[in-house]
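# Residue-level structure breakdown
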Amino acid sequence: MATLLQARALRAEAGTRALFDAIDLTVQDGDRIGLVGENGCGKSTLLSILGRQRTPESGDLTWRAALRLSSVEQFLDPALAPRTALEATLDRLDSSTLESSQHAAEALLSRLGFALRELTYRAGDLSGGQQNRLMFARAVINEPELVLFDEPTNHLDVESILFFKATMRSLSAGFVLISHDRDFLDAVTTC
């Protein structure tokens, strides 16, 4: 198995308080890792470091060259609110492939439970569960090798959670997943 990323002795702080210190983590191709911890312990911070959105206070982090990495945020980016669900999904694609990729984006959103008419709804007007499914679509549309999920089942009803379990099991990418839902973690992660 190929190593996708490796972290050594990571430290992150919130103000003067250490969130975590000396974290070592290796993510291999196809790993399905669940991250569990109390609120405020630094899980989302760790994901933002792994996703290159934040720099740790100390430690080393290396990613495989040309790693296709994607993240599913916990909340919808306000900049996406006025865009349609389809536009927000296509936004993650290279502009040279937009025309040929529209069908693929429509098919992905359909598999994630969007009706055809809902593709034209503004992202900010979608329910919390629909926004989660939209953020998932944005993360996987480019066929990443590694996806970082921050509480992807928030705001989802039981039917949507069951759908996400099946979708996560069939995902070819490796992932690191934060969740407080132990049943969901047991169903989709391997460690």
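Residues numbered from 1 in each chain as written. Predicted model: local features only at pLDDT ≥ 70, side-chain atom pairs only at ≥ 80, totals over all residues. Heavy atoms only, no water.

### Observations concerning the side chain of Gln-130
Of note, Gln-130 is situated in helix α4 (residues 128–140). What Gln-130 contacts, discounting residues up to four positions off in sequence, is Phe-114 and Glu-118. (Helix = DSSP H or I, 4+ residues; strand = E, 2+ residues; numbered from the N terminus. Contact = heavy atoms within 4.5 Å.)

### A closer look at the sheet that holds strand β2 (residues 17–28)
Spatially, the 3 strands line up as an open sheet ordered β2-β1-β4, and their pairing is antiparallel. At either margin of the open sheet sits one strand with a lone partner, and together these are β2 and β4 (58–63). On average, adjacent strands in this sheet sit at an angle of 15 degrees to one another, irrespective of strand direction. The sheet contact formed by strand β1 (residues 3–14) and β4 spans 5 bridges and is antiparallel. Following the sheet pairing, Arg-11 is matched in β4 by Ser-58. (Pairing = 2+ DSSP bridges. Axes fitted to C-alpha atoms, helices over the stretch in contact; angles between N-to-C directions.)

### Overview of the sheet that holds strand β7 (residues 174–178)
In space, the 4 strands of this open sheet follow the order β3-β7-β6-β5, with parallel pairing throughout. In this open sheet, the two edge strands, each paired with only one partner strand, are β3 (32–35) and β5 (69–72). Pairwise comparison of adjacent strand axes, ignoring direction, gives a mean angle of 15 degrees for this sheet. Pairing of β5 with strand β6 (residues 146–150) involves 4 bridges; the strand directions are parallel. Across the sheet, the residue bridging to Leu-69 is Leu-146, located in β6. Contacting β5 and β6, α4 crosses the sheet at an angle of about 175 degrees to β5.

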